[in-house]
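# Fold and geometry: a report
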Amino acid sequence: MPQFCDVALPVPLETCFTYRLNGAEPVVGGRVLVPFRNLRLPGVVTALHDRTPSVEAKHVLEILDAAPVLDAELMRLGEWISHYYLAPLGEVFRTMLPLGAEVKRARAFRITEAGWAALHQSAERGSSRRSKRSADEQMLEYRVLDYLAARDGAREQTLRSALRAGRELLAGMARKGWITAEDISSARDARRTRRIAQLKEISGKLNDNQRKLVETLAAAGGRAPVEHLRSLEVPPSTLATLARRGIVEIVEEPAEFAVSRLAGKPALDFPLNPAQAAALEQIRKRAEEKQFSVTLLFGVTGSGKTAVYLAAMQDLLAAGRSAILLVPEIGLTPQAAANLHEIFADQVAILHSALTDAERAEQWHRIRNGDARVVVGTRSAVFAPVRDLALIVVDEEQDSSYKQEEMPRYHGRDVAVMRGKICGAAVVLGSATPAMESFHNAHSGKYALLELAERVEQRPLPEVELVDMRAEFQQSGEDHVFSRRLVEEIRGRLDRGEQAMILLNRRGYSPVVLCRSCGETVQCKNCAIALTHHRRAQLLMCHYCGYQAPVPKVCPKCASQYIYFLGTGSEKLEDLLHGTFPTARIGRLDRDTVRGRGDFERVLSALHAGELDLLVGTQMIAKGHDIHGVTLVGVVGADFALGFPDFRAAERTFQLLTQVAGRAGRGSTPGKVILQTYFPEHYAVRFAGRHDYRGFYEKERQYRRWMHYPPFTALANVLVRSDELAQALEYSGLLGRWLEKNPPQGVRVLGPASAPLARLKSEYRYHFILKSQSRERLNAALRALLDFAAVEKIPRGKLVVDVDPVSLL
């Protein structure tokens, strides 16, 4: 039996760690609980061996899995992600395994010798004279010491509940050396259960509360969840008394996982047209060959791409195989899950970040056990442990939310392609506005290309009318949010009982708060960005770090009372629509209104059911929604993103305009789009108005080729960040000088320069942009840079290496 195992731990270090085994043998791909510094961490075993390490190896504390949680294919995928995106392997495996609920995090505290001395001194001299707050804190510290002195340590949760000792107080006592903390994390059963009350034989007398509870159970068919009985307003002891008397039995059952059902027509409720049938046949053929392939399904909005996906998945499931469907945002997951559930019933599993840890773990185990063979979810669902994977579908593959903006910074679409290659599965990328890289790969023959050039049932694409807001101002003499044409079209739709969507891709009421006396804008204290006014919350908010501040009555700089709220966000847009159309039923979809898991579905269901006339929103309303009553889409200020200092600005604008325009006219009534713009001559706006993706692609690819940007060049963004400006400058200067002395072969380096967002979340930011025709050379240059940073003792957390960035801000 091997004596040692190598373990990948979820820490920002590019190495695995060796531990000694304690008799029992773990499995490669399984998890173990090990000591790391003063913590207990779960990690994935990468190797078993007898090679004695050069330092004393600590012992494995606990084996968490009898069988691998990552099979050989997923282990290979994790290793590829680690190499390609230069991410620590342990961080990659943590992202791949949504099993955090199976390790119970806990700490215990013990009193030290210094703590005993402090306790004795306090008993001898009493409390010192301090402010009331300091005295209260001191008394609480002594109570904690007294509590720990009477026992052999106590859990943090016990101290917090019994003594109300907060984490800051305990951390302060640890810094003083009075107490020590020990990590006592351990494995736990994370299966979700619910308690059910079952009515048995009724005997003896019942008081009023008992009778009320028994009658409720009888009316419910003899059984009901215990949490539902709490609404009866009877004491909790009533149920316990009935259970002791044998009148009621309390049992535990696995908790159900609710799948949302949205109103609307199921995606497979109509026959496929010839173009859809031809695309389906090609996808089915590639999946049945059990060989890796990538197909770009390029179809206009409303062409029935979803129906093709689902029909292909239905065929594969009938053959006993599995499939994964990736959607870009959590908001689209309920709609996709509802479609899949209609067809595949309980064989559907859902994976996304809005689930609790326990729910994610439960869904993961269903997939791994083979109980669910169809998986729908956001980018992390690409790691689902499905058996006999035949097909991976990436819907709206161009969407930037497939890119993770934290370690590991992987792109869900590209990982899906690599997983398909490792597993021998067919990969389908679907979009009406493909990413430049994807269409370039299809154009060059690397990917197969399938096209759906027309909408289903021969419905026409919506007519797009451009409204030049510069001319609107000249003609009306006033600066209006809504053009006269948009108001006229909305009124006509309301008169005919039709629905409309209005897009403004900016949250809040006003994006800038400005002093008219001195010109100062109210900035976030943590970021180099203006705070956004949220009128209903009566707050100024930062949409990057979450900082909040009260709305100022005077200028913080000059004390002037002339505060001006500049610009329009989706909240203000909703108010303006209420004022213009007072009888209309108006809803709003943005991150301020979608707080809970059911908020998005509730608004969308109301729109489906005809309970809303107008829906206002940010880009959340632009993608994937199939609402047949919407015949008008108004676009307000969507072209301001063209001014962003990012090479993808035109591509993003074109995609957003095209996608939101595609929400109109998806039913039997033709649709129309009113596109308000200050840049009517810009090619992104003009081609979006003509639904001409190929025209946009040809124009954009010229600029990309001239400027050496993707898809013609591999790109990486290296960000240096620190909460101290001097340190950020020092580190970026060190790296810049090293790159000048050691220019990487075949790699062009731009920078260092201040990042467009120079300060974010209290960190100053400088960046380098690296371009190369060769991915291998780019990877080697980045590794050499990280090696130099390690020699210079630049902490890994101060460097962000983003390969294939979707944003340079």
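The preceding data block contains the structure.
## Looking at the overall build of the protein
When its secondary structure is counted, the protein shows 24 helices and 35 strands. Against the globule reference of 28 Å for 809 residues, the protein gives a C-alpha radius of gyration of 30 Å, in line with a compact fold. Out of the 809 residues belonging to the protein, those deemed buried represent 53%. A fraction of 76% describes how many contacts in the protein between residues 6 or more apart in sequence connect residues 24 or more apart. Once the 108 positive and 95 negative side-chain charges of the protein are each reduced to a mean point, those two points are 3 Å apart.

## Some details on the pattern of salt bridges
Under the defined criterion, the tally for this structure stands at 48 salt bridges. For Glu465, the salt bridge is made with Lys672, and the minimal N-O distance between the two is 3.0 Å. Of this pair, Glu465 sits in strand β21 (residues 463-468) while Lys672 sits in strand β31 (residues 672-677), and the two are 207 residues apart along the sequence. Between Arg721 and Glu763 there is a salt bridge, with its nearest N and O atoms 3.9 Å apart. Of this pair, Arg721 sits in strand β32 (residues 714-722) while Glu763 sits in strand β34 (residues 763-772), and the two are 42 residues apart along the sequence. Residue classification places Arg721 among the partly exposed positions, given a relative accessible area of 25%. Within this structure, Glu463, Glu465, Arg485, Glu488, Glu489, Arg493, Arg496, Glu498 and Lys672 form a network of salt bridges that share partners.

## Some words on the packing of aromatic side chains
The description of two aromatic rings rests on the distance between their centres and on the angle between their planes. Under the counting rule described, the total for this entry stands at 19 aromatic pairs. Measuring from ring centre to ring centre gives 5.2 Å for Phe17 and Phe36, while their planes differ by 70 degrees; the resulting arrangement is edge-to-face. Here Phe17 is found in strand β2 (residues 17-20), whereas its partner Phe36 is found in strand β3 (residues 31-36), with 19 residues between them in sequence. In this pair, the class of Phe17 matches that of Phe36, namely buried. Ring geometry for Phe439 and Tyr693: centres 5.0 Å apart, planes at 75 degrees, overall edge-to-face. Placement of Phe439 in helix α15 (residues 436-443) and of Tyr693 in helix α22 (residues 693-707) is noted, with a sequence separation of 254 residues between them. The exposure class assigned to Phe439 is buried, which follows from its relative accessible area of 2%. Note on Tyr693: relative accessible area 4%, which makes it buried.

How each quantity is defined
Residues numbered from 1 in each chain as written. Predicted model: local features only at pLDDT ≥ 70, side-chain atom pairs only at ≥ 80, totals over all residues. Heavy atoms only, no water. Helix = DSSP H or I, 4+ residues; strand = E, 2+ residues; numbered from the N terminus. Rg over C-alpha atoms; globule rule 2.2 N^0.38 Å. Buried < 20%, exposed > 50% of the residue type's maximum accessible area, 1.4 Å probe, protein only. Contact = heavy atoms within 4.5 Å. Lys, Arg positive; Asp, Glu negative; His and termini not counted. Charge placed at Lys NZ, Arg CZ, Asp CG, Glu CD. Salt bridge = Lys/Arg side-chain N within 4 Å of Asp/Glu carboxyl O. Phe/Tyr/Trp six-rings, centres within 6.5 Å; stacked < 30°, edge-to-face > 60°.

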